[in-house]
Amino acid sequence: MKSWILDESPGDYRFGTIDLPDPDPGQVAVRVVASALNHMDLWVTRGMPRPHVPHVPGADAAGVVEAVGEAVEDVSVGDEVVVNPAVSCRSCPVCLSGESPLCADFGILGEHRWGAHAESVVVPAANVRPRPPGRSWEECAAYPLAYLTAWRMLRRARLRAGETLLVVGVGGGVSSAGLVLGAAMGARVVATSRDEAKRARALELGADEALDSNQDFGVRADVVFENVGAATWDRSLRALAPGGRLVTCGGTAGSKVEISLPRLFFKQHEIIGSTMGSYAEFDQVTALVAQGLPVVVDEVVDGLGSFPEALERLQAGAQLGKIVIRH
Ligand SMILES: [Zn+2]
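Parameters and conventions
- Residues numbered from 1 in each chain as written.
- Predicted model: local features only at pLDDT ≥ 70, side-chain atom pairs only at ≥ 80, totals over all residues.
- Heavy atoms only, no water.
- Donors = N, O, S within 2.8 Å, 3.2 Å for Na, K, Ca; no water.
- Tetrahedral: all angles 85-135°; square planar, octahedral: opposite > 155°, others 65-115°.
- Helix = DSSP H or I, 4+ residues; strand = E, 2+ residues; numbered from the N terminus.
- Domains from an automatic or database assignment.
- Contact = heavy atoms within 4.5 Å.
- Buried area = accessible area lost by both parts, 1.4 Å probe.
- Polar contact = N/O pair within 3.5 Å; in protein donor to acceptor, adjacent residues only side chain to side chain.
- Nonpolar A, V, L, I, M, F, W, Y, C, P; charged D, E, K, R; others polar.
- Pairing = 2+ DSSP bridges.
- Axes fitted to C-alpha atoms, helices over the stretch in contact; angles between N-to-C directions.
- Buried < 20%, exposed > 50% of the residue type's maximum accessible area, 1.4 Å probe, protein only.
- Arc of directions from axis to C-beta.
- Expected span 1.5 Å × (residues − 1).

> Got a minute to help me understand the coordination of the zinc ion in this structure?
A metal bound by six donors in octahedral fashion has ideal angles of 90 or 180 degrees, whereas one bound by four tetrahedral donors has an ideal angle of 109.5 degrees. Those donors, Cys 89 (SG), Cys 92 (SG), Cys 95 (SG) and Cys 103 (SG), are the protein atoms that reach the zinc ion, and they lie 2.3 to 2.4 Å from it. Relative to the metal, the four donor atoms surrounding the zinc ion lie at angles of 104 to 116°, and the coordination shape comes out tetrahedral. Sequence positions of the donors to the zinc ion reduce to the motif C-x2-C-x2-C-x7-C. Note that Cys 92 is positioned in the loop between β6 (86-87) and α2 (93-96) and Cys 103 in the loop between α2 and β7 (107-108), a separation of 11 residues in sequence.

> I tried to follow the domain arrangement of the protein chain on my own but got confused; where do I start?
Note on interface size: it is often stated as the accessible area lost on association of the parts. By domain assignment, the protein chain separates into domain 1 (2-146 + 276-326) and domain 2 (158-273). Between domain 1 and domain 2, the C-alpha centre-to-centre distance is 27 Å. Opposite the 13 residues of domain 1 that make contact, domain 2 presents 15 residues. Taken over both partners, the interface formed by domain 1 and domain 2 buries close to 1,000 Å², and the fraction arising from carbon and sulfur atoms is 75%. At the boundary of domain 1 with domain 2, the tally comes to three residue pairs in polar contact (both at pLDDT 80 or more). Classifying every residue of the side of domain 1 that touches domain 2 by side-chain character gives eight nonpolar, four polar and one charged.

> What is the right way to read the sheet that holds strand β15 (residues 270-273) from this model?
Adjacent strands of a sheet pair through backbone hydrogen bonds, lying either parallel or antiparallel. One open sheet holds the six strands; their spatial order is β12-β11-β10-β13-β14-β15, and the pairing between them is parallel. In this open sheet, the two edge strands, each paired with only one partner strand, are β12 (209-212) and β15. Adjacent strand axes in the sheet meet at a mean angle of 20° when their direction is disregarded. In terms of strand pairing, strand β10 (residues 164-167) meets strand β13 (residues 221-226) through three bridges, oriented parallel. Bridged to Leu 165 within β13 is Val 223. Docked against the sheet, helix α4 (residues 144-156) engages β10, β13, β14 (240-248) and β15, running at close to 150° with respect to β13. Contacts between helix α6 (residues 196-204) and the sheet are confined to β11 (188-193) and β12, with β12 contributing the most and set at about 165° to the helix.

> What is the right way to look at the side chain of Thr 286 in this model?
Note on placement: Thr 286 falls in helix α9 (residues 279-290). Once you skip the residues sitting within four places of it in the chain, Thr 286 turns out to touch Pro 130, Pro 132 and Tyr 143.

> Hey, could you run me through α6 in this one?
Working note: α-helix, 3.6 residues per turn, so residues spaced by three or four point in the same direction. Buried residues of α6: Lys 198, Arg 199 and Ala 202, and no others. Mapping the buried residues of α6 onto a view down its axis gives an arc of 105°, with all of them on the same face. Exposed side of α6, more than 90 degrees from the buried face: Glu 196, Ala 197 and Glu 204 are the residues found there. Those residues of α6 that are buried are in contact with α5 (173-184), β11 and β12. By the N-cap criterion, in which a side-chain oxygen at the helix start approaches the backbone nitrogen of a residue two or three places on, α6 is capped by Asp 195, the distance to Ala 197 being 2.9 Å.

> It is not clear to me how the pairing of β10 should be interpreted in this structure. Could you clarify?
Looking down a regular strand, the side chains alternate between one sheet face and the other. Along β10, one buried face is formed by Thr 164 and Leu 166 and the opposite face, lined by Leu 165 and Val 167, is buried too. Looking at chain direction, β10 and β11 are connected through four bridges and run parallel. Considered in β11, the bridge of Val 167 is made with Ala 191.

> Is there a simple way to explain the pairing of strand β16 (residues 297-302) in this structure?
Pairing of β16 with strand β17 (residues 322-326) involves five bridges; the strand directions are parallel. If you follow Val 297 over to β17, its bridge partner there is Lys 322.

> Is there a simple way to think about α5 in this case?
The end-to-end C-alpha distance of α5, which contains 12 residues, comes to 17 Å, matching closely the 16 Å that a straight helix rising 1.5 Å per residue would cover. Counting buried positions along α5 gives 10 out of 12 residues, so the element sits mostly inside the fold. Among the residues of α5, Gly 173, Val 174, Ser 175, Ser 176, Ala 177, Gly 178, Leu 179, Val 180, Leu 181 and Gly 182 are the ones counted as buried.

Okay, structure coming up:
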């Protein structure tokens, strides 16, 4: 199949031909109709992390099932599906307790296994779900990783209707998902961005207020939604109301941060880490998307060959929401 391929990490992508393995008994092969970009697509080229090579990038996909393993019963050739990028064993006690992101065998499409910036991708049958009706292929490719991650973050932070949610740095896919999910959950959402156009877009997407990321956040938030890291960390913590929870899934602008212990314990703050989501959480966000939850697509590029152009846009940070490749 035609695919983007990383032969070494650190290294650069090349567009070439690679043999797609036949699906194992419990797997399916999906012909990718649309795939979406994630920062992981950049990080694997820098050796952080370093995937097994040759590697095929791409965590987000929607497409049509083209082959099924012999043990697969509930998925058929021709099914239109979205792919859950979070893969785990589904049989260990951790998975059976519903906490599959903590499974020892947990892996992510496009990081630990071949991904979706290719003509086809092979995944466990349990990782495909019927495409939410009424949504475009681009929307179906845009939501899986970002919305799964944001949904688990808000669940872990115990966000409730009526609470104030501060979404820091609203440009990225996970942050924009946090905004629309928080608004859908009935929270008062305050978004921040350095960019005036993104602040205006955040208000259109349902934020109640939009602040400049470069200034102090004059807000008392019950939940702070972070994946910026060092650049905003101190102001994010200062914005927490007494008893507030800060939830983070990463640090795109610096991973080393400081914590003031007196502020942490006097104000009884919680700092919560979160990554990806469980199979049940994927079904929950898929149900919300099927019900009409906004999926924030920034730009669609045409053809698998446009991946480098899309990567440049991701790297420039000019987007609000997801960048999608229509294959
Ligand atoms: Zn497991």
